[in-house]
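# Architecture and fold: a report
Take a look at the letters that make up each chain.
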Amino acid sequence: MSFDWATFGVDLHLEIDRAAGRRGGLEAAIREAIRAGRLSAGARLPSTRALAAELRLSRGTVSAAYDQLIAEGYLTARPGSGTTVTGPANGAASAGDAAPAPGTPRGTRPPRPAPHSTPPLDLAPAAGELRYDLRPGRPDGAMFPVAEWLRVVRRVVGNAPVSAFDYGDPRGHPALHAALAEYLGRARGVLGGADRVVVTSGSVQALGLLARVSADAGHRVVAMEDPGLPFHREVVRHAGAEVVALPVDGHGARTDLLRTPAFDGVRVVVLTPAHQYPTGVPLHPRRRQAAVEWARACGGLIVEDDYDGEFRYDRQPVGALQGMAPDHVAYVGTAAKTLGPALRLAWVMAPARLLDAVTSAKRLTDLHTETLGQLALAELITTHGYDRHIRACRARYRRRRDLLVSRLAPRAARGFTLHGIAAGLQAMLTLPPGGPGEAELLAHAATHGLALDGLAEHWHAPGDHPQALVLGYGSPTEAAYPAALDTLTRTLRDTGGPGQSRPKV
């Protein structure tokens, strides 16, 4: 059905296919108008009320369509400014003249996911600007459930007792304790009641608190995965501990080495069992058992960083290691990957013997985590909106990973090999022994406006390590992601392979 849509300042003709449903037809019509350039970047759309009246649709249908297009990166909504077109969508430009990712101002460079031990590489192209970002560490911010979050915030703020606006418990709000205990037991196999949960201002704070408590107890040597996130090593060192490298291979961390003389004196180990960062491998069952046996034998502590455990695409997510030894594992979970890092909400299911010490350290650090966000998250979990959101994210990220795998498959013959299970928000691409190297690829990608991360900075010490790229497929918007992959594959093609001459960067 055709509609002349001219009441909001532009003359536009929409073809709405009612066979696709009212909401689906409206979404498709707006996408087509943006792709065809009939709705240009910055164009302001009518309010949901005005458009619903114009097209004789319900306001809820229009709101849902707008929310979906915002999540896909086609539209942007700002309080007081209405809803506008973000920018050229996927397909509006060819890979050769790809436009900047929607929402990224020209000439700007998004920040790194977290500070690292070395100064960040300047990835700004010499003669242009950053267009695409495939560095790991962030989810797609456009996936944040804005409408649902606003609903739960209105509900909890409107119904909150006066005490909710006062100073809070260092451990967090009881409503979130109860919601997390139920959710973690049901979804991640974590054992422990609401009285064992400590809410923290992000997973980095959780790691720092656990490292500090362990150091105060005399356990000042912490084993951490090699390769692993350099910033986390900085956090542990800042808490007063020494870090030793625990090698990682194709079966995950070498926990079988913890009972060897090389690790005498180690009583704390930090692991990413569900999806090792950055290699993407899960911890093998025998390695899980070895870690638990070590902890029981020496009274040690395993810090389980379950940063993206909800995202497994080829099977049910592997249950948390904590379920095997709840008295020896401090489980750390976070909303950073499921909802967004801006919330600064994470949690520890602490062993009973550490609960008082962690609570005291939290109180002395920042007194307590902000309460209103805790109440909103508790409401989102108990109404199962959190589960619905994770399922939607899981479907989207699975499609992105599948597309990454298919785009990189032709490069396998040239020695580029993708590693890691179908999970999480990143994968590792090892490079052929004869070249190109990490530095060459990073520099060449930058000239095409693409930001990438190499594996080099993740090792504990420089050396003759395998070279690889750590590719994040979470943060680009739906509209920008295919063109970002086009740029990646062009970079790999242009730099050649083993024994081939390569064009100069």
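Below: a short report on this structure. (Residues numbered from 1 in each chain as written. Predicted model: local features only at pLDDT ≥ 70, side-chain atom pairs only at ≥ 80, totals over all residues. Heavy atoms only, no water.)

Glancing now at the overall build of the chain. Helix and strand counts for the chain come out as 13 helices and 18 strands. Burial statistics for the chain: of 505 residues in total, 54% are counted as buried. Considering only intrachain contacts with a sequence separation of at least 6, the fraction spanning at least 24 residues in the chain is 73%. By element, 54% of the accessible surface of the chain is carried by carbon and sulfur atoms, the whole surface being about 20,900 Å². (Helix = DSSP H or I, 4+ residues; strand = E, 2+ residues; numbered from the N terminus. Buried < 20%, exposed > 50% of the residue type's maximum accessible area, 1.4 Å probe, protein only. Contact = heavy atoms within 4.5 Å. Areas by Shrake-Rupley, 256 points an atom, 1.4 Å probe, with all protein chains shown as cover.)

Here we come to the pattern of salt bridges. Any two side chains of opposite charge can pair, on the condition that their charged atoms come close. On inspection of all chains with the given rule, the structure shows 21 salt bridges. Between arginine 254 and aspartate 256 there is a salt bridge, with the nearest N and O atoms lying 2.8 Å from each other. Salt bridges sharing partners connect three or more residues here, namely Asp140, Arg396, Arg400 and Glu478. (Salt bridge = Lys/Arg side-chain N within 4 Å of Asp/Glu carboxyl O.)

Right, let's get into the sheet that holds strand β13 (residues 346-349). One open sheet holds the eight strands; their spatial order is β6-β13-β12-β11-β10-β7-β8-β9, and the pairing between them is mixed. With one partner strand each, in any of the chains shown, β6 (197-200) and β9 (252-253) form the two edges of the open sheet. Two elements, strand β7 (residues 221-226) and strand β8 (residues 242-249), share six bridges in a ladder whose sense is parallel. Across the sheet, the residue bridging to alanine 223 is valine 244, located in β8. Packed onto the sheet, helix α7 (residues 230-238) meets β7, β8 and β11 (301-305) and runs at close to 180 degrees relative to β7. (Pairing = 2+ DSSP bridges. Axes fitted to C-alpha atoms, helices over the stretch in contact; angles between N-to-C directions.)

With the rule as written, the count across this model stands at four aromatic pairs. A ring pair is formed by phenylalanine 144 and tryptophan 149, whose centres lie 5.7 Å apart and whose planes are at 65 degrees; its orientation type is edge-to-face. With a relative accessible area of 21%, phenylalanine 144 lands in the partly exposed category. Taking the relative accessible area as the measure of exposure, tryptophan 149 reaches 12% and is therefore buried. (Phe/Tyr/Trp six-rings, centres within 6.5 Å; stacked < 30°, edge-to-face > 60°.)

Now for a nonpolar patch on the surface. On the surface, a cluster of nonpolar side chains totalling about 240 Å² of accessible area is made up of Val157, Phe165 and Leu372. Among the structural elements, phenylalanine 165 can be located in the loop between α4 (146-159) and α5 (174-188). (Patch = residues over 30% accessible without salt bridge, like charges linked within 9 Å, V, L, I, M, F, W, Y side chains within 5 Å.)

Another point: the pairing of β8. A regular strand places its side chains on the two faces of the sheet in alternate fashion. The parallel pair β7 and β8, bridged by α7, forms a crossover whose chirality is right-handed. Of the pairings in the sheet, the one linking β8 to β9 comprises two bridges and is antiparallel in character. Bridge assignment links valine 248 to a residue of β9, and that residue is alanine 253. Between the antiparallel neighbours β8 and β9 lie two residues. (Right-handed = clockwise from strand over helix to strand, strands pointing away.)

What follows deals with the packing of helix α6 (residues 203-216) against α7. Where α6 contacts α7, the two axes come as close as 8 Å, and the packing angle between them is 40 degrees. With respect to α7, the element α6 is oriented oblique. Relative to α7, the crossing made by α6 is right-handed. Judged by residue contacts, Val204, Leu207, Gly208 and Ala211 of α6 engage Phe231, His232, Val235 and Val236 from α7. Class assignment of the residues belonging to the contact of α6 with α7 gives a composition of six nonpolar, two polar and no charged. (Parallel < 35°, antiparallel > 145°, perpendicular 65-115°, else oblique. Left-handed = near helix turned anticlockwise from the far one by under 90°. Nonpolar A, V, L, I, M, F, W, Y, C, P; charged D, E, K, R; others polar.)

The next point concerns the environment of leucine 26. One can find leucine 26 in helix α1 (residues 22-35). On the basis of relative accessible area, leucine 26 is assigned to the buried category, the value being 0%. When residues no more than four places from it in sequence are discounted, the contact partners of leucine 26 are Ile16, Leu51, Leu55, Leu57, Val62 and Ala65.

What follows is about the side chain of histidine 275. Relative to the elements of secondary structure, histidine 275 occurs in the loop between β10 (268-271) and α8 (285-298). A distance of 3.4 Å separates the side chain of histidine 275 from the backbone oxygen of alanine 423, its partner in a polar contact. Once residues lying within four places of it in the same chain are set aside, the contact partners of histidine 275 are Gly280, Val281, Tyr307, Asp308, Ile421, Ala423, Gly424, Leu425 and Gln426. (Polar contact = N/O pair within 3.5 Å; in protein donor to acceptor, adjacent residues only side chain to side chain.)

Their axes nearest at 9 Å, the elements α6 and helix α9 (residues 355-366) cross at an angle of 120 degrees. In terms of their interaxial angle, α6 and α9 are classed as oblique. The crossing of α6 and α9 is right-handed. Across the interface between the two elements, Gln205, Leu209, Leu210, Arg212 and Val213 of α6 pack against Ala357, Val358, Ala361, Lys362, Thr365 and Asp366 of α9.

With that settled, the discussion passes to the sheet that holds strand β15 (residues 426-430). What holds strands together in a sheet is hydrogen bonding between their backbones, with the strands either parallel or antiparallel. The four strands lie next to each other as β14-β15-β18-β17, forming an open sheet whose pairing is antiparallel. Strand pairing shows two members of the sheet lacking a second neighbour, β14 (417-419) and β17 (453-454), which therefore form its edges. Strand direction decides the pairing type here: β15 and strand β18 (residues 468-472), joined by five bridges, are antiparallel. Within β18, the residue paired with leucine 429 across the bridge is leucine 469.

On to unusual backbone geometry, then. A negative phi holds for most residues other than glycine; trans holds for most peptide bonds. In this structure, proline 227 follows aspartate 226 across a cis peptide bond, with omega equal to 10 degrees. Tracing the backbone shows proline 227 in the loop between β7 and α7. Residue proline 278 follows tyrosine 277 across a cis peptide bond; omega there is 15 degrees. Note that proline 278 resides in the loop between β10 and α8. The backbone phi angle of arginine 344 is positive, close to 50 degrees, even though this residue is not glycine. Here arginine 344 lies in the loop between β12 (329-334) and β13. With phi around 65 degrees, histidine 384 is a residue other than glycine that occupies positive phi space. Counting through the fold element by element, histidine 384 comes out in the loop between α10 (371-382) and α11 (385-408).

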